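What the coordinates show
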Amino acid sequence: MSFTDETYLLDMSLRGSGEASSYRDAVREYSVDFVVMDYEDNREVIGTARLHTLNTLMCRDPLVQLDAISGELVSLGHTVMYTAEEKLEEVSAFAQTYVFVDSFELLENYRGKGYGPYLLAQCLAAFFDTYDVAVLKAYPFFGFEMEKDVLKDTKRKISKAWMSIGFKKIRGDVYAADILAMAEKAPKMKEPRIPIPAAV
């Protein structure tokens, strides 16, 4: 990534638990900070993500591994591996290792401007040499408090954003993407330009 005198540099800090070495390490957690920097190397975190990876080759029962983390991960895992496996084959013919997007959030000022899909694609591309498929719940944070028409429009916009970087609908609000294909696409994506605040 690069920046000019009119923009911040977008950067990413990925922290994880290291290489898996046993059945107990079949599931690992990663925390991600999305950062902007100015020329004086001042940094601001504009978003965060939490990911869980699963290597089904390292465990007898993947759902038991996921259940140790959260019920939400079990639901996602069950959907992609058992109830919608035919749909998953349309995404990746070889799906044995997964990256589950547990959470993804940007500061309000950076939402709705294309930063989300760009940053998530760059993040997931970092896993291409080890993992096959990325999985997320397209709109996990919206519920009954929104009017029906507003909720429907919001879901449509979010789904469109994730589909723009390669995610396909598997079932309900569960989407999956081929990580290798995303890794090939990510370097060619147009980098969002973030104006420097007047105070800088």
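To be clear, the structure that these remarks concern was listed above.
A brief report on the enclosed structure follows. (Residues numbered from 1 in each chain as written. Predicted model: local features only at pLDDT ≥ 70, side-chain atom pairs only at ≥ 80, totals over all residues. Heavy atoms only, no water.)

1. Considerations on the overall build of the protein chain
Counting its regular elements, the protein chain contains six helices and seven strands. Residue burial in the protein chain is summarised as follows: out of 200 residues, 44% are buried. Expressed as a percentage of contacts within the protein chain between residues at least 6 apart in sequence, the contacts between residues at least 24 apart total 66%. When the accessible surface of the protein chain is summed, it comes to about 11300 Å², and 50% of that surface belongs to carbon and sulfur atoms. (Helix = DSSP H or I, 4+ residues; strand = E, 2+ residues; numbered from the N terminus. Buried < 20%, exposed > 50% of the residue type's maximum accessible area, 1.4 Å probe, protein only. Contact = heavy atoms within 4.5 Å. Areas by Shrake-Rupley, 256 points an atom, 1.4 Å probe, with all protein chains shown as cover.)

2. Re a negative patch on the surface
A cluster of like negative charges, contributed by Glu85, Glu86, Glu89 and Glu90, occupies part of the molecular surface. Here Glu86 shows up in helix α3 (residues 85-91). For Glu86, a relative accessible area of 64% puts it in the exposed group. (Patch = residues over 30% accessible without salt bridge, like charges linked within 9 Å, V, L, I, M, F, W, Y side chains within 5 Å. Salt bridge = Lys/Arg side-chain N within 4 Å of Asp/Glu carboxyl O. Lys, Arg positive; Asp, Glu negative; His and termini not counted. Charge placed at Lys NZ, Arg CZ, Asp CG, Glu CD.)

3. A few points about the side chain of Arg28
Considering the arrangement of structural elements, one finds Arg28 in strand β2 (residues 27-37). Given the relative accessible area of 7%, Arg28 is considered buried. One polar contact links Arg28 to Tyr30, side chain to side chain, over a distance of 3.2 Å. Within the structure, Arg28 has its side chain in polar contact with the side chain of Tyr131 (distance 2.3 Å). (Polar contact = N/O pair within 3.5 Å; in protein donor to acceptor, adjacent residues only side chain to side chain.)

4. Focus: the packing of aromatic side chains
Any aromatic ring pair is given by two values, namely how distant the centres are and how the planes are angled relative to each other. In the structure shown here, the tally under the stated rule is six aromatic pairs. Plain terms: the ring middles of Phe127 and Tyr131 are 6.0 Å apart, the flat faces sit at 65 degrees to each other, and that makes the pair edge-to-face. Through a chain of ring-to-ring contacts, the aromatic side chains of Tyr30, Phe127 and Tyr131 assemble into a single cluster. (Phe/Tyr/Trp six-rings, centres within 6.5 Å; stacked < 30°, edge-to-face > 60°.)

5. Some remarks on the pattern of salt bridges
For the structure shown, the criterion picks out four salt bridges. Linking Glu29 and Arg50 is a salt bridge whose minimum nitrogen-to-oxygen distance equals 3.7 Å. With Glu29 in strand β2 and Arg50 in strand β3 (residues 43-55), this pair connects stretches of sequence that are 21 residues apart. According to the relative accessible area criterion, Arg50 is partly exposed, its value standing at 34%.

6. Description of the environment of Glu191
Following the sequence through the fold, Glu191 ends up in the segment after α6 (179-185). C-alpha separation for the pair Glu191 and Tyr115, spaced 76 residues apart in sequence, amounts to 8.4 Å.

7. With respect to the pairing of β3
Two elements, β2 and β3, share 11 bridges in a ladder whose sense is antiparallel. What sits directly across from Met37, in β3, is Arg43. Looking at chain direction, β3 and strand β4 (residues 97-106) are connected through nine bridges and run antiparallel. Directly across from Arg50, in β4, lies its bridge partner Ser103. (Pairing = 2+ DSSP bridges.)

8. Quick look at the pairing of strand β5 (residues 133-137)
Where burial is concerned, most of β5 is hidden: four out of the five residues are buried. Here β4 runs beside β5; their pairing, made up of four bridges, is parallel. Bridge pairing in β5 links Val99 to Ala134. Since β4 and β5 lie parallel, the crossover through helix α4 (residues 115-125) that links them has a hand, and here it is right-handed. (Right-handed = clockwise from strand over helix to strand, strands pointing away.)

9. Focus: α4
Across the 11 residues that make up α4, a large majority, 11, are buried. Three or more residues of α4 are buried, namely Tyr115, Gly116, Pro117, Tyr118, Leu119, Leu120, Ala121, Gln122, Cys123, Leu124 and Ala125.

10. Considering the environment of Ala26
As for its placement among the helices and strands, Ala26 is situated in the loop between β1 (9-15) and β2. Spatially, the C-alpha atoms of Ala26 and Cys59 are 6.3 Å apart, while their sequence positions differ by 33 residues.

11. So, the environment of Asn55
Structurally, Asn55 can be placed in strand β3. Taking the C-alpha atoms as reference points, Asn55 and Tyr98, 43 residues apart in sequence, are found 6.5 Å from one another. If we ignore the near neighbours within four places in the chain, the residues touching Asn55 are Ala26, Gln96 and Thr97.

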